[in-house]
Every structure is written in structure tokens, then in C-alpha cells.
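# Breakdown of the fold
Residues per chain, in single letters:
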Amino acid sequence: MLRNLLLVFSLALTPLAAHETPTINAVVSAAGVVTDVSPGGIATVWGLDFSFEALGAEGLPLPVKIGETSVTINGVECPLFYVSEFQINLQIPLETPTDIEVVLLVEHEGLVSEPFTLIVRTDAISVFTYERVPQSGVFEPVVLHADGVTLVTPENPAKTNEVLVIYATGFGPLLNGPLTGMPAPFPPNDSLTVALPAAIYSTNQAGSGLTVQYSGLAAGFVGLWQLNIRMPSSIPPGVNGGLRITLDNSFQPGLPI
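First, a word on scope: everything that follows refers to the structure included in this document.

Rules used in this analysis
Residues numbered from 1 in each chain as written. Predicted model: local features only at pLDDT ≥ 70, side-chain atom pairs only at ≥ 80, totals over all residues. Heavy atoms only, no water. Phe/Tyr/Trp six-rings, centres within 6.5 Å; stacked < 30°, edge-to-face > 60°. Helix = DSSP H or I, 4+ residues; strand = E, 2+ residues; numbered from the N terminus. Buried < 20%, exposed > 50% of the residue type's maximum accessible area, 1.4 Å probe, protein only. Salt bridge = Lys/Arg side-chain N within 4 Å of Asp/Glu carboxyl O. Patch = residues over 30% accessible without salt bridge, like charges linked within 9 Å, V, L, I, M, F, W, Y side chains within 5 Å. Areas by Shrake-Rupley, 256 points an atom, 1.4 Å probe, with all protein chains shown as cover. Core = buried A, V, L, I, M, F, W, Y, C linked by side-chain atoms within 4.5 Å. Contact = heavy atoms within 4.5 Å. Pairing = 2+ DSSP bridges.

### Quick word on the packing of aromatic side chains
How two aromatic rings sit relative to each other is given by the distance of their centres and the angle of their planes. Applying the stated criterion across every chain yields a total of 1 aromatic pair. Here Phe171 and Trp225 contribute two aromatic rings whose centre-to-centre distance is 4.9 Å and whose plane-to-plane angle is 20 degrees, an arrangement assigned as stacked. Here Trp225 lies in strand 19 (residues 225-230) and Phe171 lies in the loop between strand 16 (163-169) and strand 17 (200-205), a separation of 54 residues in the sequence. We classify Phe171 as buried; its relative accessible area is 4%.

Quick look at the structure:
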């Protein structure tokens with residue numbers, strides 16, 4: 001389920017009738033409703049004439065070209081998850097400078113888009129979402145039970161003291177992590193648990209603190225962040241609380257989570 005979620009690539013597309021220069025309309029986080037992106041995070045480029053057909057990456061590390069489509073930021077090639085006529089999902093290169101304007105270009109079959117300028121943030125946290133009720137236009141965070149597969153829903157709610165799994169992106173560059181386009185290694189490996197410059201994460205639900213048991217890269221994936229959290233014992237049944245993830249900047253970089 002998660003791999004399908006990350007691809008978010010189920011658009012029904014019609015091949016282009018003519019070869020046109022790519023046009024970029026927007027660059028946003030591939031998760032949630034956050035528009036900002038950060039180095040190492042997963043982003044979506046929206047526009048026109050990116051590809052004649054929908055194609056996905058066939059393996060890892062991610063390729064920097066799918067079909068005849070490629071993307072660069074300040075001249076650095078971006079690893080690609082997926083390309084289609086209207087959409088590209090990619091990883092923002094870890095080398096990308098932050099808090100200044102950078103230039104993104106899409107090339108398809110030798111035709112290059114007009115430069116698209118954006119500002120990449122140091123971190124831009126965004127939790128992956130899904131449309132629980134089809135065609136409702138309402139998107140909810142993907143929160144999984146401890147099995148890492150079953151969604152938390154009103155019909156299958158979280159329980160007190162239960163460990164939940166949340167997947168996000170946009171936490172910024174690691175101090176010790178895989179190279180751009182490479183999947184996070186499976187443990188033991190300290191790149192999974194070395195903290196970001198903002199070292200510790202706190203999560204609150206219904207006003208009560210949640211215990212963060214793990215916060216780090218999701219092993220085997222590119223640009224994906226995993227949070228394992230334990231529900232508090234004080235939330236009464238039936239409470240529908242909000243989820244908030246914050247960075248605590250009071251800690252020094254490099255502390256284990």
C-alpha cells in the first residue's frame with residue numbers, strides 16, 4: 001500500500017498528439033497540502049507536456065531520466081519516481097541550497113521548459129494523505145496501525161497505548177544519510193537514527209503528548225520519513241483529535257532520537 005501511496009501515480013492519461021515544450025505550473029510537496037519542499041524530500045511538479053505516457057521508476061537507486069524526461073535544479077539532476085503528461089514526482093537533491101531562489105528545468109526529448117524559480121526550505125514537513133471517502137475532496141493523514149499496513153479510520157480507530165506509524169517527507173537533510181536517489185539502508189545503520197539539525201520531534205494528539213519511539217528514514221525507501229508513536233493512556237474512547245508534528249530547535253544537532 002505504501003509504495004502505491006508514494007507513487008500517487010494512478011492518473012488516467014492520454015498520449016500527447018504533438019511534441020510540445022514542457023511547461024511548469026507548480027512545484028509542491030508530494031505529501032499533504034504543504035507547498036514548500038526541502039532537500040531530500042519528495043516533491044511533485046505539475047504542468048504540461050512532460051511525457052507522452054505515464055512511466056514509473058523500475059528500481060532503486062532512482063533514475064535521473066525516465067523515458068525521455070529529466071529534471072534539474074540548479075543544474076543538478078533530480079532522481080525521478082514517476083513521469084506523465086502532467087505530473088513528475090521526484091526527490092529534491094540533497095545538494096540543493098536553501099532559502100534562496102533556485103531554478104528548476106524539465107527536459108523532454110530535447111525540448112527544455114522555461115526556467116521555474118522556487119525557494120527550497122531547510123525543512124518542510126508534510127504527512128502523506130489520502131482521500132478516505134472517494135471523490136469527497138477531503139484528504140486525511142495516512143496513520144497506520146502497528147502492522148504498518150492497516151489504516152487508522154473511524155471504523156478501525158487507534159487505541160490507548162497503541163503504537164502507530166506515520167509517513168512523511170520534508171524533514172530536510174540528514175547529518176549522516178544515503179546519497180541523493182539512494183534508498184535508506186536497513187538497520188543497523190546510524191543514518192536511520194541520526195537527528196536533523198532540529199533534533200527532537202514532539203507530537204500531540206487531543207492535547208496529550210505522544211511518545212515518539214522512532215523518528216528517521218524509512219528503510220528501503222527514498223526521501224521517506226517514518227515516525228513510530230505510542231498513543232497516551234489518557235485519551236477517552238471516541239475522541240477525534242488533531243495530529244501535530246513540531247520540530248524542537250532547543251536540542252543540538254546529532255543527538256540520537
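### Looking at the pattern of salt bridges
The tally for this structure, following the rule as stated, stands at 3 salt bridges. Here Asp99 ties to Arg121 by a salt bridge, and the two come within 3.5 Å at their closest N and O atoms. On the criterion of sequence distance, the pair formed by Asp99 in the loop between strand 8 (87-91) and strand 9 (101-108) and Arg121 in the loop between strand 11 (116-119) and strand 12 (126-127) is long-range, its members being 22 residues apart. Between Glu140 and Arg132 there is a salt bridge, with the nearest N and O atoms lying 3.0 Å from each other.

### Concerning a nonpolar patch on the surface
Taken together, Trp46, Leu48 and Phe86 make up a surface patch of nonpolar side chains, about 260 Å² in accessible area. Counting through the fold element by element, Phe86 comes out in the loop between strand 7 (80-83) and strand 8.

### Let's talk about the nonpolar core
Within the largest apolar cluster, 21 residues are counted, with the highest numbers of intra-cluster contacts made by Val45, Ile88, Leu90 and Leu104. Mapped by element, the contributors of at least two residues to this core are strand 1 (23-29), strand 2 (42-48), strand 5 (69-73), strand 7, strand 8, strand 9 and strand 11. Here this core gets 3 residues from one element, more than from any other, and that element is strand 9. Each residue touching Leu104, except ones within four places of it in the same chain, is listed here: Ile24, Val27, Val45, Val71, Thr72, Ile73, Glu114, Pro115, Phe116 and Leu118. Of all hydrophobic cores here, the second largest spans 16 residues; its members include Ala31, Tyr82, Phe221 and Leu224.

### Examining the pairing of strand 5
Where burial is concerned, most of strand 5 is hidden: 5 out of the 5 residues are buried. Because side chains alternate across strand 5, one face comprises the buried residues Thr69, Val71 and Ile73, and the other comprises Ser70 and Thr72, equally buried. Both strand 4 (residues 65-66) and strand 5 contribute to a ladder of 2 bridges, which runs antiparallel. Counted as the bridge partner of Ile66 is Thr69 from strand 5. Where strand 4 folds back onto strand 5 in an antiparallel hairpin, the turn is made up of 2 residues, including Gly67, whose phi is positive at roughly 60 degrees. Sheet topology note: the strand 5/strand 9 ladder contains 5 bridges and is antiparallel. When the sheet's bridge partners are listed, Thr69 is paired in strand 9 with His108. Both strand 5 and strand 6 (residues 76-77) contribute to a ladder of 2 bridges, which runs antiparallel. Across the sheet, the residue bridging to Thr72 is Glu77, located in strand 6. Following strand 5, the chain reverses through 2 residues before pairing antiparallel with strand 6; Asn74 in that reversal takes a positive phi of roughly 50 degrees.

Scope: geometric values only; no functional claims are made or implied.
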